[in-house]
Amino acid sequence: MRRLPNERARWLAQNIVPHERSIRSWLGRRTHGLDLDDIIQEMYARLAALESVEDIRNPRQYAAQTAVSITLNMTRHARVIQMIPVSDFEEMGLTSSEPSPERAITAREDLRELRAALQTLPATCRKAFLLRRVEGLSHREIAARLGISTKTVEKYMARSVRFLIETYGRGGKETPDVSMDSNQRPDGTGKVRLGP
């Protein structure tokens, strides 16, 4: 049998052993007919065999998820179907606050699309919008930074918002062309009509 490196044994002792009791107790309430000692021993074996533990941010959660995976595999092999409710993961604090990979990809794509859309705005208008919405600067601070009047900053902000409404719509409703002036509007009022 291969000997465990000292640093890995130290990592297990510091980060996993203190949580073994709670993991064992939690599994004991949910796994019937399976040997808890086998599950815990396999959990330690898998953790010891990892190439690196540097990327593990929450060792307790990682160990518990490893134990659940082992339990599910053992259950599958025993041809017994055991369901572990997601609420149990939340109860034990094993759910991750990080977004799912799918959400992260979608968010990156949305940001890429927004960045491309904002590139079509005039440069100073785009800078004013980003300084306000991303950096949270006031109209006065933006005016000072860009060397323009606060009135111009207000106009740029209105233009940017109008542009975003035209580009992304109003929650799926057909959007009016808010860039028209009152002479171009069908009703001649200069007001935006949302309905018939």
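In what follows, the structure referred to is the one given above.
Residues numbered from 1 in each chain as written. Predicted model: local features only at pLDDT ≥ 70, side-chain atom pairs only at ≥ 80, totals over all residues. Heavy atoms only, no water.

(A) View of the environment of Arg145. Relative to the assigned elements, Arg145 resides in helix H8 (residues 139-146). Sequence separation of Arg145 and Ala128 is 17 residues, and the distance between their C-alpha atoms is 9.2 Å. With residues up to four places along the chain from it excluded, the contact list for Arg145 reads Leu131, Glu135 and Leu137. Among the polar contacts listed, one links the side chain of Arg145 to the side chain of Glu135, at a separation of 3.3 Å. (Helix = DSSP H or I, 4+ residues; strand = E, 2+ residues; numbered from the N terminus. Contact = heavy atoms within 4.5 Å. Polar contact = N/O pair within 3.5 Å; in protein donor to acceptor, adjacent residues only side chain to side chain.)

(B) Structural detail: the pattern of salt bridges. Throughout the structure, instances matching the rule amount to 4 salt bridges. Among the salt bridges present, the one from Arg24 reaches Glu20, with a minimum N-O distance of 3.0 Å. On the criterion of helical spacing, the pair formed by Arg24 and Glu20 is a turn pair, its members being 4 residues apart in helix H2 (residues 17-28). A salt bridge links Asp37 to Arg24, with the shortest nitrogen-to-oxygen separation between them at 2.7 Å. Here Arg24 lies in helix H2 and Asp37 lies in helix H3 (residues 36-49), a separation of 13 residues in the sequence. In this structure, a network of salt bridges that share partners links the residues Glu20, Arg24 and Asp37. (Salt bridge = Lys/Arg side-chain N within 4 Å of Asp/Glu carboxyl O.)

(C) Summary view of the environment of Ala48. Structurally, Ala48 is set in helix H3. Residues Ala48 and Ala9 lie 39 residues apart in sequence; the distance between their C-alpha atoms is 7.7 Å.

(D) Inspection of the side chain of Thr71 at higher detail. Tracing the sequence through the fold places Thr71 in helix H4 (residues 59-77). Thr71 gets classed as buried once you look at its relative accessible area, which sits at 0%. (Buried < 20%, exposed > 50% of the residue type's maximum accessible area, 1.4 Å probe, protein only.)

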